[in-house]
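# Breakdown of the fold
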Amino acid sequence: ASIFENVPTAPEDVIFALSAAYKADTVPEKVNLGADQILVNDQSLDHEYLPILGLDSFRKASVKLILGADSKAIAEGRAGSAQCISGTGAVYTGARFLSLHYPIKGATCYISKPTWANHRAIFEGVGIPVKEYPYWDPVSRGLDLKGMLATMEEAPNGSIFLMHPCAHNPTGVDPTPDQWKQIADALEAKGHFTFFDTAYQGFASGSLDKDAYSVRYFAERGFEMFIAQSYSKNFGLYSERAGNLTIVARTPEIKKSIESQIAKIQRAVISNPPAYGARVVSTVLNDEKLYSEWEDNLSTMANRIIDMRKAVFEELTRLGTPGTWDHIVSQIGMFSFTGLTTPQVKVMKEKYHIYLTDNGRISMAGLNTGNCKYFASAVDDVVR
Ligand code: PLP
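Looking at an unreviewed UniProt entry, one finds the chain named aspartate transaminase, with Lunasporangiospora selenospora as its source organism. Listed under Subunit (unreviewed entry) in UniProt, the entry text for the chain is "Homodimer." According to the UniProt record, the Cofactor (unreviewed entry) comment for the chain is "pyridoxal 5'-phosphate".

Encoded structure:
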């Protein structure tokens with residue numbers, strides 16, 4: 001007798017059953033509408049190392065995605081890149097390069113208050129001192145532009161400024177085009193270095209071009225800069241670690257030198273970036289039909305979030321909830337800083353079983369047509 005005699009057979013996973021059925025099908029006209037399938041069917045793929053700076057077609061497409069097809073920096077051969085271990089790796093690689101080659105020794109990197117927690121950890125980890133610039137204004141529940149500009153003016157010449165091009169994490173507050181102009185003026189006047197970190201291109205407005213506005217505007221004005229790009233969110237490739245560091249330099253020669261130094265850094269940290277995620281991204285970015293399908297998907301996702309913002313706002317207005325709630329609709333991307341205080345968040349959790357971070361940040365992705373009224377009524381109760 002077996003000790004496992006009574007183990008029942010579990011039902012097959014439907015998704016895997018579907019691909020198994022596809023595999024077993026012998027009809028030559030069979031079609032599998034999965035993105036990865038193109039890669040699986042490509043007999044030329046192997047498990048060899050990628051070059052140290054990554055998959056060429058992925059790098060070129062990533063630079064074009066963020067700078068735009070008509071970018072002057074690309075046309076002039078001043079835009080380079082390195083495929084990195086997703087957005088985190090791209091920020092790290094850029095930071096490590098700056099720690100070794102930034103001409104102003106001891107320069108400080110300024111990060112927004114608040115920001116993604118890893119920013120401080122990464123820069124401090126490579127020995128670059130970190131300070132904060134004001135960003136979130138709790139009173140207006142919007143951008144503290146004045147504080148931000150004042151810090152840029154007061155910072156020593158040639159400091160490093162790390163900024164989110166769109167869908168700021170965690171506040172959901174982005175500068176307007178006019179505010180970006182003022183920011184660019186302030187940075188230019190003091191010779192500060194711009195380091196963009198974009199993890200949500202396409203996720204904010206639903207348009208890849210619109211979400212790249214700030215980066216393209218800076219490039220047009222001739223800024224030298226680094227841009228860390230992540231495909232975790234907009235491609236759902238979280239575990240594949242697909243990311244890119246785009247470099248915009250003054251001349252093609254300088255770009256080449258920077259790339260050579262980054263290759264040296266990369267060699268010592270990871271040797272070569274992983275292939276699978278980069279191949280998926282490259283396949284989609286370099287195919288007109290797949291690209292437009294991806295754009296449609298992004299727009300569907302972004303618009304669903306925008307609709308949820310409207311629904312919550314309308315319900316709070318209908319309930320006459322005390323306070324102003326315009327920020328719920330004016331904020332953008334996956335996150336919203338509600339303005340709820342830590343004690344209010346505690347009541348949300350204990351009385352309503354609604355879980356959000358203590359700083360009042362919610363993930364908009366967790367709201368749907370079935371629960372947004374419940375959420376609004378809970379907010380209404382805790383702020384009264
Ligand atoms: N930068 C920001 C602002 C983020 O919010 C994130 C992810 O949450 C990342 C970078 C990097 O993520 P990943 O390393 O998965 O690409």
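## Let's talk about the site of the ligand
With respect to spatial proximity, the complete set of residues near the ligand consists of Ser86, Gly87, Thr88, Trp116, His164, Asn169, Asp197, Ala199, Ser230, Ser232, Tyr238 and Gly243. Along the lines of polarity and charge, the residues of the shell around the ligand split into three nonpolar, eight polar and one charged.

## Observations concerning the pairing of strand β3 (residues 130-134)
Here strand β2 (residues 109-113) pairs with β3 via five bridges, running parallel. In the strand pairing of β3, Cys109 is matched with Val130. Crossover β2 to β3 through helix α6 (residues 118-125) is right-handed.

## Section: the pairing of strand β6 (residues 160-163)
Along β6, one buried face is formed by Ile160 and Leu162 and the opposite face, lined by Phe161 and Met163, is buried too. As judged from the two bridges shared by β2 and β6, these two strands associate in the parallel manner. Following the sheet pairing, Tyr110 is matched in β6 by Phe161. Handedness of the crossover joining β6 and strand β7 (residues 193-198) through helix α8 (residues 177-189): right-handed.

## Describing the sheet that holds strand β9 (residues 242-248)
Each strand in a sheet pairs with its neighbour through backbone hydrogen bonds, running either in the same direction (parallel) or in the opposite one (antiparallel). Read across the open sheet, the seven strands follow the order β1-β9-β8-β7-β6-β2-β3; overall the sheet is mixed. Each having just a single partner strand, β1 (79-85) and β3 make up the two edges of the open sheet. Taken over all neighbouring pairs, the strand axes of this sheet differ in orientation by 25 degrees on average, direction set aside. Relative to β9, β1 runs antiparallel, the two sharing seven bridges. Each residue of the ladder has a partner; that of Gly80, found in β9, is Ile247.

Conventions and cut-offs
Residues numbered from 1 in each chain as written. Predicted model: local features only at pLDDT ≥ 70, side-chain atom pairs only at ≥ 80, totals over all residues. UniProt positions renumbered as here; feature names shortened; annotations may be inferred. Near = placed C-beta within 6 Å. Nonpolar A, V, L, I, M, F, W, Y, C, P; charged D, E, K, R; others polar. Pairing = 2+ DSSP bridges. Helix = DSSP H or I, 4+ residues; strand = E, 2+ residues; numbered from the N terminus. Right-handed = clockwise from strand over helix to strand, strands pointing away. Buried ≥ 20, exposed ≤ 12 C-beta atoms within 10 Å, placed from the backbone. Axes fitted to C-alpha atoms, helices over the stretch in contact; angles between N-to-C directions.

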